[in-house]
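A closer look at the structure
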Amino acid sequence: MAATKHFEFEMIVNRKPLTLAERLYLPAIAGGFKVTFRHAFRSLFGGKTVTMEYPEQKWAVPPDYRGAPYLVRDQEGKTKCVSCQLCEFVCPPKAIKIIPPGPAGELADRPNAEKMPQEFEINFLRCIYCGLCQEVCPEEAIFLLKDYSLTGQSREEMIYGKEKLLALGGVHGGIQKWKHKLDEAQEQENFPVKV
Amino acid sequence: MNWSFIIFSVVKIAIVVGVVQGMVAYAVLAERKISAWIQDRVGPNRAAPPFVKAIPGLGPVLIRLGLFQPLADGLKFMLKEDFTPAGVRKVYFWLAPAIAVIPSMLVIAVIPFGSQIGRQQMVISDLNVGILYTFGIVSLGVYGIVLAGYAANSKYPFLGGIRSSAQMISYEISMGMSVIPVLLIVGNLNLSQIIGWQSQHGWLALYSPVSFIIFLVASFAETNRLPFDLPEAETELVGGYHTEYSAMKFALFFLAEYSNMIASAAMMVTLFFGGWTLPFWGLDHPAASLGMGIAQILVFLVKMLLFVVLFIWVRWMFPRFRYDQLMDLGWRRFVPLALVNILITAMVLWCVS
């Protein structure tokens with residue numbers, strides 16, 4: 001049976017027989033010694049190593065990095081979370097636990113919000129840094145920030161409460177959803193927003 | 001058989017075994033450090049007991065060099081769970097590490113590591129058939145590897161064991177034949193006598209360089225070091241013959257590999273590079289004083305360590321040989337070359353005398 005041609009670019013690679021020098025291996029051995037010695041010398045005396053010595057040296061975290069999710073405050077220092085529990089619902093590993101304030105609970109500390117969470121816990125032993133909480137949050141109150149190395153001595157320590165999350169999250173600069181709405185409404189002067 | 005002989009032998013054995021074990025531990029560190037430097041890395045530079053950092057000046061340097069890493073490694077091996085997989089042949093599985101490690105330690109018994117201190121010769125056993133003993137013991141080392149591969153009841157170790165047996169047979173022959181010219185030149189099998197001859201006439205590596213090269217390559221193959229680490233071959237066989245081993249049993253294979261390396265280095269120094277002698281500073285004849293005796297031991301250790309570094313260096317330099325290339329090199333290059341070498345040496349000696 002004649003050999004069928006499968007591809008247009010089928011070709012035969014010419015393998016040249018090794019020369020005597022190549023078969024003796026000796027030039028290759030000398031070359032190997034040269035290269036390895038050069039590298040060893042450089043990393044020993046030139047300090048040219050590629051190792052990043054982690055706890056002392058740290059890498060630059062890229063701007064769109066998805067680190068640990070923290071609660072953020074708005075520019076006026078008010079809690080953005082309104083305890084809607086969407087993030088708790090969407091969280092795949094069930095790392096988030098929210099206790100809403102209840103009928104008699106504390107009111108929100110900002111306008112345009114009915115309530116804020118009584119307790120908000122993220123279990124960082126469960127969190128998988130997927131970012132669904134950030135994606136689902138209608139109030140833009142939770143963000144995956146740049147922390148990547150969370151450690152603790154006990155399991156309890158790795159469950160972060162509301163105050164800790166708010167402190168770590170800090171003030172989020174860019175987004176002020178309700179201010180935008182208010183501005184839009186004031187421009188149109190027909191949006192029923194009570195300030 | 002008198003008491004002083006027994007006591008001095010026991011002391012020498014204890015010291016030599018202790019030193020070799022320590023050298024194995026630090027050879028592992030050297031391996032890691034040298035590999036790191038060659039690959040533009042830093043290598044182990046953290047582990048240290050807490051008080052070392054307090055030593056001003058010196059402490060951080062010691063930590064940076066990783067000098068306490070072997071302690072941590074040893075401790076880790078001892079504390080790890082000694083796991084025996086289901087379906088292994090228990091007796092052989094437990095026996096294999098011991099069989100691998102014992103020959104590598106026994107080889108060192110006949111190597112003269114110094115001339116003499118006082119009236120004590122610095123060799124554990126000054127055998128008249130030192131070289132034959134060495135070859136006999138070294139060839140036992142393969143049984144540990146083959147048994148480990150066979151007993152583990154797993155494919156990768158089995159392949160590693162098979163490869164090892166084939167490799168050992170191929171290289172033992174050329175290794176043995178490469179030494180025959182040395183024996184022809186010296187006319188003696190006693191390692192101390194060989195060193196004595198070299199102190200008078202010069203190093204044997206100069207008389208018989210082909211022998212040395214064959215012996216060097218063969219000892220790379222014998223110790224399962226890269227370029228001939230086919231029994232282990234991490235990239236192909238997971239871990240080779242010791243895939244199923246853990247904790248101290250794995251550490252014993254590790255120990256065997258490195259003490260084989262040290263033993264081969266010692267053999268090369270003894271056979272080809274004049275053992276404990278140096279041709280100047282009066283180091284070429286048996287020591288008369290304590291200081292000279294110690295100096296000669298140090299000369300031997302330095303020569304040996306240079307070879308250990310060569311072993312390590314070469315490992316991080318070359319890719320692994322393919323199996324058929326290995327066989328080709330062993331049977332079709334080195335065996336004929338060794339035979340021709342014997343013939344030529346014999347003819348030259350015949351013409352000279």
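Residues numbered from 1 in each chain as written. Chains lettered and ligands numbered in written order. Predicted model: local features only at pLDDT ≥ 70, side-chain atom pairs only at ≥ 80, totals over all residues.

**Brief notes about the overall build of chain B**
Applicable threshold: We count a stretch as a helix when DSSP gives it H or I for four or more residues in a row; a strand needs E for two or more, and each element gets its number in order from the N terminus. Between the two quantities, the radius of gyration covers C-alpha atoms and the globule rule is 2.2 Å times the number of residues to the power 0.38. Buried, partly exposed and exposed are defined by the number of other C-beta atoms within 10 Å of a residue's own C-beta, namely 20 or more, between the two limits, and 12 or fewer respectively, with C-beta atoms placed from the backbone. By definition, residue pairs are in contact when their C-beta atoms, positioned from the backbone, come within 7 Å.
Helix and strand content of chain B: 14 helices and 2 strands. The globule rule puts the C-alpha radius of gyration for 353 residues at 20 Å, and the 21 Å found for chain B is close to it. The burial tally for chain B puts 45% of its 353 residues in the buried class. A sequence separation of at least 24 residues applies to 77% of the contacts in chain B between residues at least 6 apart.

**Here we look at the interface of chain A and chain B**
Note the cut-off: In the scheme used here, Gly and all other residues not listed as nonpolar or charged are polar, with Ala, Val, Leu, Ile, Met, Phe, Trp, Tyr, Cys and Pro taken as nonpolar and Asp, Glu, Lys and Arg as charged.
Contact residues are listed per partner, giving 12 residues for chain A and 10 residues for chain B. Looking at the side of chain A that touches chain B residue by residue, the classes come out as 4 nonpolar, 6 polar and 2 charged.

**Section: the domain arrangement of chain A**
Cut-off, in case you're wondering: All domain edges in this entry derive from an automatic or database-based domain assignment.
As assigned here, chain A comprises domain 1 (20-51) and domain 2 (69-188). Relative to domain 2 of chain A, the C-alpha centre of domain 1 of chain A lies at a distance of 55 Å.

**Some words on helix α6 (residues 141-151) of chain B**
Residues and elements named next belong to chain B. Buried residues dominate α6, accounting for 9 of its 11 residues. Those residues of α6 that fall on the buried side of the exposure criterion are G141, V142, G144, I145, V146, L147, A148, G149 and A151. Where α6 is buried, its residues meet α4 (90-106), α5 (130-138), α7 (155-186) and α12 (247-272).

**Some thoughts on the sheet that holds strand β2 (residues 96-99) of chain A**
Paired through their backbone hydrogen bonds, the strands of a sheet run either parallel or antiparallel. Residue and element names in this part refer to chain A. Stated formally: What makes two strands pair is DSSP finding at least two bridges between them.
Read from one edge of the open sheet, 3 strands run β2-β3-β5, paired in antiparallel fashion. Two strands close off the open sheet at either side, each with one partner strand: β2 and β5 (159-160). Bridge analysis of β2 against strand β3 (residues 119-123) gives 4 bridges, and the strand direction is antiparallel. The partner of K97 across the bridge, within β3, is E121.

**Thoughts on the packing of α7(B) against helix α10 (residues 209-222) of chain B**
All names here are of chain B. Here is the rule: Axis geometry follows a simple rule: fit a line to the C-alpha atoms, using only the stretch in contact for helices, then measure angles between N-to-C directions, giving values from 0 to 180 degrees. Reported orientations rely on four angle classes, namely roughly parallel under 35 degrees, roughly antiparallel over 145, roughly perpendicular from 65 to 115, and oblique for the rest. Should the near helix be turned anticlockwise from the far one by less than a right angle, the crossing is termed left-handed; should it be turned clockwise, right-handed.
For the pair α7 and α10, the least separation of the axes is 8 Å and the interaxial angle reads 155°. Compared by their axis directions, α7 and α10 come out roughly antiparallel. Our pair here, α7 against α10, has a crossing hand that is left-handed. Contact with α7, carried on its side by Q167, M168, Y171, S174, M175, S178, V179, P181 and V182, involves S211, I214, F215, A218, S219, A221 and E222 of α10 and no other residues of that element. Its residues placed into classes, the contact of α7 with α10 shows 10 nonpolar, 5 polar and 1 charged.

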